[in-house]
Amino acid sequence: KMDLNQRFWEIDVIRGLAIVMMVTYHLLFDMAFFGVYTLDVSTGILWWLARLTAFMFLFLVGVSLVLSHTRAELKGQNQERSGFFFKYLKRGVKIFLLGILITMVTWIFIPQDFIVFGVLHFIGIAIILEYPFLNKKYLNLILGILFIILGLILAQFTVSYPWLLWLGLKPLGFITVDYFPLLPWLGVVSLGLFAGKTLYQGYKRKFRLPDLSKNHFTLLFSFLGRHSLLIYLLHQPLIILVLYLLGVLDLGNLFYFLN
C-alpha cells in the first residue's frame, strides 16, 4: 500500500549534502571576506563548488514541488484549484519575505555588497511561477534548457539601470554576495520538475534503490536536509561567532570590514 506520508530519504540526503557543501563554501568565503585568510573564492574549484551546491538545492526545489503537488492530488486536497494555488502562493511569499529580511540585515552590515535578489528571493518567486507547470513533464525539460541558455546569454550584457536585476540583467559595476536571477536559475528548477515527474511519478520511486534509510550516515544527512531553511538562516552568524571564539577574527577587524 502506498504511504503518502513517506519521505524519500535520498532527496533529504542530497539536500543535506548540499547543506554541508554550502556551509563549507561560506566558511571559506567568510575567511577570505574578513581578511582571515587569503583565498580566491571566485574562481577555480571553489567557484564550481558554489555553483554545484546552488544547482543541487534548486534542482531539489523542483523535485520537491512535484512530490508535494502529487501527494496533495492523491489525497484529494486540490479539488479547489484556487485554494491549492493559494497554498503555494503563501509558501512562496513567506520565503520571499525571509529574503527581504536577509536584504535588510546585509544592507545594515555590508552596505557595499548587500543582497538584492539572493537565493531566498529567487526560491520564493520560483515556487509561485512554477505552479502552472507542476503537472507538465517534457515542457519542463524544454523550458529548463531554454531558461538556462537565455540566462547565459543575459549574463554577457550589462545595462545602465537596476530594474531588471531579478531577471538576470546586471547594471555595470553591480556587486553582491548572493545573486540568483530568474534566468538561468528558473531553468534548474524546471529541470527538477521534469526529474520529479519522471523519477517519482504517482508518488512512487521509479528506480531501484537499496533501503539505506536507517544508515547512520543517511540519518545525519537526512536531518540536515529536512532543516535546510533553518540552517541557511543561522549558519552565517554562527560561522562568524566560531571564527571569533577561535581567535582568528577580532571584533576590531570585523567592524572594520563590515563598515
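Structure's up top.
S.K.: I'd love a proper account of the packing of aromatic side chains, names of residues and values included.
M.R.: Applying the stated criterion across every chain, the model contains 14 aromatic pairs. Seen from their ring centres, W47 and W48 are 4.9 Å apart, and the 90° between their planes marks the pair as edge-to-face. For the cation-ring pair, R91 lies above Y88, with the distance from its terminal atom to the ring centre recorded as 5.1 Å.

S.K.: Can you tell me about the nonpolar core, naming the residues and giving the values?
M.R.: By size, the foremost hydrophobic cluster in this structure holds 54 residues, and its most contacted members are L58, F122 and I123. Those elements that place two or more of their residues in this core are helix 1 (9–33), helix 2 (44–74), helix 3 (81–109), helix 4 (119–129), helix 5 (138–154), helix 6 (182–199) and helix 8 (228–245). If you tally residues by element for this core, the top one is helix 2, at 11 residues. Counting residues in hydrophobic clusters, the runner-up holds nine residues, among them F8, L67, A195 and Y203.

S.K.: Before we move on, can you summarise helix 1 with the specific residues and values?
M.R.: The end-to-end C-alpha separation of helix 1 is 35 Å, in line with the 36 Å expected for 25 residues at 1.5 Å each. Downstream of helix 1 by one or two residues, G35 has phi in the positive range, about 75°.

S.K.: Describe the side chain of H235, listing the residues and the values that go with them.
M.R.: The topology assignment puts H235 in helix 8. Under the relative-accessibility criterion, H235 is labelled buried at 5%. A polar contact of 2.9 Å, which involves the side chain of H235, links it to the backbone oxygen of Y232. Leave out the neighbours within four places in its chain, and H235 touches M22, V23 and H26.

S.K.: Tell me about the packing of helix 2 against helix 6, and name the residues and values.
M.R.: Taken N-terminus to C-terminus, the directions of helix 2 and helix 6 make an angle of 50°; their axes are 7 Å apart at the nearest point. When the axis of helix 2 is compared with that of helix 6, the two are oblique. In terms of crossing hand, the pair formed by helix 2 and helix 6 is right-handed. Between helix 2 and helix 6, the residues in contact are R51, A54, F55, L58, F59, V61, G62, V63, L65 and V66 and W185, V188, V189, L191, G192, L193, A195, G196 and K197, respectively.

S.K.: Can you tell me about the packing of helix 2 against helix 4, naming the residues and giving the values?
M.R.: Packing of helix 2 against helix 4 brings their axes to within 11 Å, and their N-to-C directions diverge by 30°. Comparing the axis directions of helix 2 and helix 4 gives the class roughly parallel. As helix 2 runs across helix 4, the sense of the crossing is right-handed. Across from L58, V61 and L65 in helix 2, the residues of helix 4 making contact are V119, F122, I123 and I127.

S.K.: Now, about helix 8: what can you tell me, with residues and values included?
M.R.: Compared with the 26 Å implied by 1.5 Å per residue over 18 residues, the 25 Å span of helix 8 between its first and last C-alpha is a close match. Maximum bend of helix 8: about 40°, positioned at H235, with proline P237 one to four residues after it. Inspection of helix 8 places S228, Y232, H235, I239 and L243 among the buried residues, and these make up the whole buried set. Lining the buried residues of helix 8 we find helix 1, helix 2, helix 4 and helix 7 (216–226). One or two residues past the end of helix 8 sits G247, with phi positive at roughly 85°.

S.K.: Go over the pattern of salt bridges, please, and point to the residues and values.
M.R.: Under the defined criterion, the tally for this structure stands at three salt bridges. Between D12 and R7 there is a salt bridge; the shortest N-O distance is 2.8 Å. According to the relative accessible area criterion, D12 is buried, its value standing at 4%. Here E10 and R205 are joined by a salt bridge, their closest N and O atoms 2.9 Å apart. Linking E10 in helix 1 with R205 in the loop between helix 6 and helix 7, this pair joins segments that are 195 residues apart in sequence. According to the relative accessible area criterion, E10 is buried, its value standing at 8%.

What counts, and at which threshold
Residues numbered from 1 in each chain as written. Predicted model: local features only at pLDDT ≥ 70, side-chain atom pairs only at ≥ 80, totals over all residues. Heavy atoms only, no water. Phe/Tyr/Trp six-rings, centres within 6.5 Å; stacked < 30°, edge-to-face > 60°. Lys NZ or Arg CZ within 6 Å of the ring centre and 35° of its normal. Core = buried A, V, L, I, M, F, W, Y, C linked by side-chain atoms within 4.5 Å. Buried < 20%, exposed > 50% of the residue type's maximum accessible area, 1.4 Å probe, protein only. Helix = DSSP H or I, 4+ residues; strand = E, 2+ residues; numbered from the N terminus. Expected span 1.5 Å × (residues − 1). Polar contact = N/O pair within 3.5 Å; in protein donor to acceptor, adjacent residues only side chain to side chain. Contact = heavy atoms within 4.5 Å. Axes fitted to C-alpha atoms, helices over the stretch in contact; angles between N-to-C directions. Parallel < 35°, antiparallel > 145°, perpendicular 65-115°, else oblique. Left-handed = near helix turned anticlockwise from the far one by under 90°. Bend = angle between axes of the 7 residues up to and from the residue. Salt bridge = Lys/Arg side-chain N within 4 Å of Asp/Glu carboxyl O.

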